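Close look at the chain arrangement
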Amino acid sequence: LCSIDVSTAFLQSNKYGPDKPPKYLTFKNPLTGEQEYYRQLGPIYGKNSAPVRWEQTIVPWLESQGFEPGHNDPCVFYHPEKDLLILLYVDGILCDGQEDDIKWFFKKLSTKHGGRFECKEPAWLSIDTPIDHLGMEIIMDESRIYLSMESYIERMLQVLEMEHCNGVNTPINGPIMDNRPLSYEKKKWVYKALGCCGWLSNTARPDGKYAHSRISQHLANPSEGMFNAVKHLVRYYKETKN
């Protein structure tokens, strides 16, 4: 297993063709106060079209190298000749295959080896070197590979100021019945906490997915019952973080 990130991926998307309508950007010069205009040659961060432009760049390139996208998950690519599997999440790539085949892919991918994209240094999984991929820590020993989000949960508890809360053994403990509206500050906390729990439930901790789904049904009108249910879910993740 090996992980590699593409550097500033959106800026490496295919440039706008000469047949496309010209695009311009304007900035106020901080020294002169004058407006300056620039021709935009390609996608930049902040543009709504930047993510799809990156997808339209990286996916055809991967297919040109012999990879086939998954039918049920288009972000999973498989190279049938090399038995090489890669998982793509925006600019993060996780590779599963033989070491020589992964190195072959990196030579095609990274400009450091004459490839297409500027990339950061790869991280290879070993007994002494875990991989952090999208908040998921991949660890191995002599016989097994483990997937953990303990570090992410500990950071989440700090952000939510719940490091010292007591843990619980279930992700949900009943229906949300208390419909009293929340204060503005509690609403902000609920949205932040639910976002953190959503990332957990959609990656390596699907045991909290049902609870997260039930709580999310109350997003339009956050209530005291929802607030308590989110706190309960966070306490569950603390109890089961490892």
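About the thresholds
- Residues numbered from 1 in each chain as written.
- Predicted model: local features only at pLDDT ≥ 70, side-chain atom pairs only at ≥ 80, totals over all residues.
- Heavy atoms only, no water.
- Pairing = 2+ DSSP bridges.
- Helix = DSSP H or I, 4+ residues; strand = E, 2+ residues; numbered from the N terminus.
- Core = buried A, V, L, I, M, F, W, Y, C linked by side-chain atoms within 4.5 Å.
- Buried < 20%, exposed > 50% of the residue type's maximum accessible area, 1.4 Å probe, protein only.
- Contact = heavy atoms within 4.5 Å.

1. Some thoughts on the sheet that holds strand E6 (residues 84-89)
The six strands lie next to each other as E4-E5-E6-E7-E1-E8, forming an open sheet whose pairing is antiparallel. The outermost strands of the open sheet, each flanked by one partner alone, are strand E4 (68-69) and strand E8 (123-124). The pairing of strand E1 (residues 2-5) with strand E7 (residues 92-96) spans four bridges and is antiparallel. Looking at the pairing, Cys 2 lines up with Cys 95 of E7.

2. Some words on the pairing of strand E10 (residues 136-140)
Working note: regular strand, side chains alternate between the two faces of the sheet. Taken together, the three bridges between strand E9 (residues 131-133) and E10 define a ladder with antiparallel strand orientation. Within E10, the residue paired with Asp 132 across the bridge is Glu 137. Hairpin connection from E9 to E10: two residues lie between these consecutive antiparallel strands, with Leu 134 at a positive phi of about 60°. Inspection of the sheet shows E10 paired to strand E11 (residues 145-148) by four bridges, in the antiparallel sense. Following the sheet pairing, Ile 139 is matched in E11 by Tyr 146. Two successive antiparallel strands, E10 and E11, enclose a turn made up of four residues.

3. Comments concerning the nonpolar core
Residues Met 156, Trp 189, Ile 215, Val 230, Val 234 and Tyr 237 are the most contacted members of the largest nonpolar core, which totals 29 residues. If you list the elements that add at least two residues to this core, you get helix H3 (150-159), helix H4 (184-202), helix H5 (209-216) and helix H6 (224-239). In terms of residue count, the dominant contributor to this core is H6 (eight residues). Discounting residues that sit within four places of it in the chain, Trp 189 has contacts with Leu 160, Met 162, Phe 227, Val 230 and Lys 231. Ranked by size, the runner-up nonpolar core spans 24 residues in total, among them Ala 9, Val 59, Leu 62 and Cys 119.

4. Some remarks on unusual backbone geometry
Non-glycine residue Thr 8 carries a positive phi angle of around 35°. Here Thr 8 is to be found in the loop between E1 and strand E2 (23-28). Unlike most non-glycine residues, Leu 134 shows phi in positive territory, near 60°. Along the chain, the position of Leu 134 falls in the loop between E9 and E10.

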